[in-house]
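Structure assessment
As a plain string of letters, each chain reads:
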Amino acid sequence: MFFFLSKLIWFFVQPLGLVLLALLLATAGFLYRSRRLARRLVIALTLAFTAACMLPVGDLMLLPLENRFAKPQQLPATVDGIIVLGGAEQNVLSGARGEPVLNGAGERLFAALDLARRFPEAQIVFSGGLGDAWNGIPPQSDIFRDVMLMAGVPERRLVLESQARNTDENVLLLKQMVQPQGGQNWVVVTSAFHMPRAMGLFAKAGWKVVPWPVDYRGLPPTLLPRVDLVEQVDVLNIAMHEWIGLVAYWTTGRIDTPFPGP
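These notes cover the structure that comes with them. (Residues numbered from 1 in each chain as written. Predicted model: local features only at pLDDT ≥ 70, side-chain atom pairs only at ≥ 80, totals over all residues. Heavy atoms only, no water.)

Concerning unusual backbone geometry
Here is the rule we go by: For helices the rule is a DSSP run of H or I covering at least 4 residues; for strands it is a run of E covering at least 2, with both sets numbered from the N terminus onward. Each residue is assigned to one of three classes by its accessible area relative to the maximum for its type, calculated with a 1.4 Å probe on protein chains only: buried under 20%, partly exposed between the two thresholds, exposed over 50%.
In this model, Leu130 sits at a positive phi of 65°, which is unusual for a non-glycine residue. You can see Leu130 is positioned in the loop between β2 (123–127) and α7 (140–150). Phi is positive for Gln179, close to 50°, though the residue is something other than glycine. Tracing the chain through its elements places Gln179 in the loop between α8 (167–178) and β4 (186–191). You can call Gln179 partly exposed: its relative accessible area is 48%.

This is the structure in structure tokens:
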């Protein structure tokens, strides 16, 4: 229920969802002769969307998330497992094209390959589902496996979890699968903006891991906006999604603090 409610709520509270909702309400106002309300909604929408496009609001929201956990200057001499959280894989396109398709978070896989080279005895553990066999959509784990094999990683090193639909399920299902032991060293790879929520969940599960953030999106604010306005809105979208996710996970008891830190 949490998964479906989170997706439904996010559809309406994300930036473009709010734009759509405001346009629908304004249209209803014009149709039902509430023109004053409709005009106010259009003006508010125009000002808010202009601010989102021209001001570094998304960067200001994203940078605290990305800077919360830094890469360690030195990793342990031995690493038992490299955990990679799903999110870089394009399920629908991969199924339609019959080959792995990645999105802008592909650095997660590149980092996994680099760590796998540096620690040749470590298991490479991945969690990510959202597949639909009926419609020919592979789970994220299948796409990750294909990329690793294409890069020359032996399949025996891969441990794949293919049912998780969100970060909470990533951690819980992985812990059940790999049964981590005290004294082991595990490194977790995910996008920098996603790391606080992930680390909060690992802490809640009693699983000590080393953060390895990648896929940075935020830029130090300047007086000039990003040249690409779509990118500007995308950064805001990512930041809002992550902050709302932190609040939702904290209020539902999935993490112990609203902003997990080192």
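Side note on the pairing of strand β5 (residues 210–214)
Rules: Should DSSP find at least two bridges between two strands, the strands are regarded as paired. Note on handedness: a clockwise path from strand one over the helix to strand two, with the strands aimed away from the viewer, defines a right-handed crossover.
Among the five residues of β5, four are classified as buried, and the element is accordingly described as predominantly covered. As paired strands, β4 and β5 are joined by five bridges and run parallel to one another. Paired with Thr190 across the bridge in β5 is Pro213. For the crossover from β4 across helix α9 (residues 195–204) to β5, the handedness is right-handed.

Things to note about the nonpolar core
Selection criterion: Throughout this description, the term nonpolar core refers to a set of buried Ala, Val, Leu, Ile, Met, Phe, Trp, Tyr and Cys residues connected via side-chain atoms within 4.5 Å. We call two residues in contact whenever any of their non-hydrogen atoms come within 4.5 Å of each other.
Grouped together as the largest cluster of nonpolar side chains are 27 residues, with contacts concentrated most on Leu62, Ile83, Trp186, Val188, Phe202, Trp207 and Val209. When contributions to this core are tallied by element, the ones reaching two or more residues are α4 (57–66), β1 (81–85), α8, β4, α9 and α10 (229–251). Contact partners of Ile83, with chain neighbours within four places excluded, come to Val125, Leu174, Trp186, Val187, Val188, Val189, Phe202, Trp207 and Val209. Counting 24 residues, the second largest nonpolar core, distinct from the first, contains Ala105, Ala111, Phe119 and Val147.

Some words on the packing of helix α2 (residues 15–31) against helix α3 (residues 35–54)
As a reminder, the rule being used: Here an axis means a line fitted to C-alpha atoms, over the contact stretch when the element is a helix, while the angle between two N-to-C directions is reported on a 0 to 180 degree scale. Roughly parallel means an angle under 35 degrees; roughly antiparallel means over 145; roughly perpendicular covers 65 to 115; every other angle is labelled oblique. Should the near helix be turned anticlockwise from the far one by less than a right angle, the crossing is left-handed, and should it be turned clockwise, the crossing is right-handed.
Interhelical geometry of α2 versus α3 gives an angle of 160° and a closest axis separation of 7 Å. On the basis of the axis angle, α2 is roughly antiparallel to α3. Handedness of the α2/α3 crossing: left-handed. On the side of α2, the interface is formed by Leu16, Val19, Ala22, Leu23, Leu25, Ala26, Gly29 and Phe30, while α3 contributes Arg35, Ala38, Leu41, Val42, Leu45 and Phe49.

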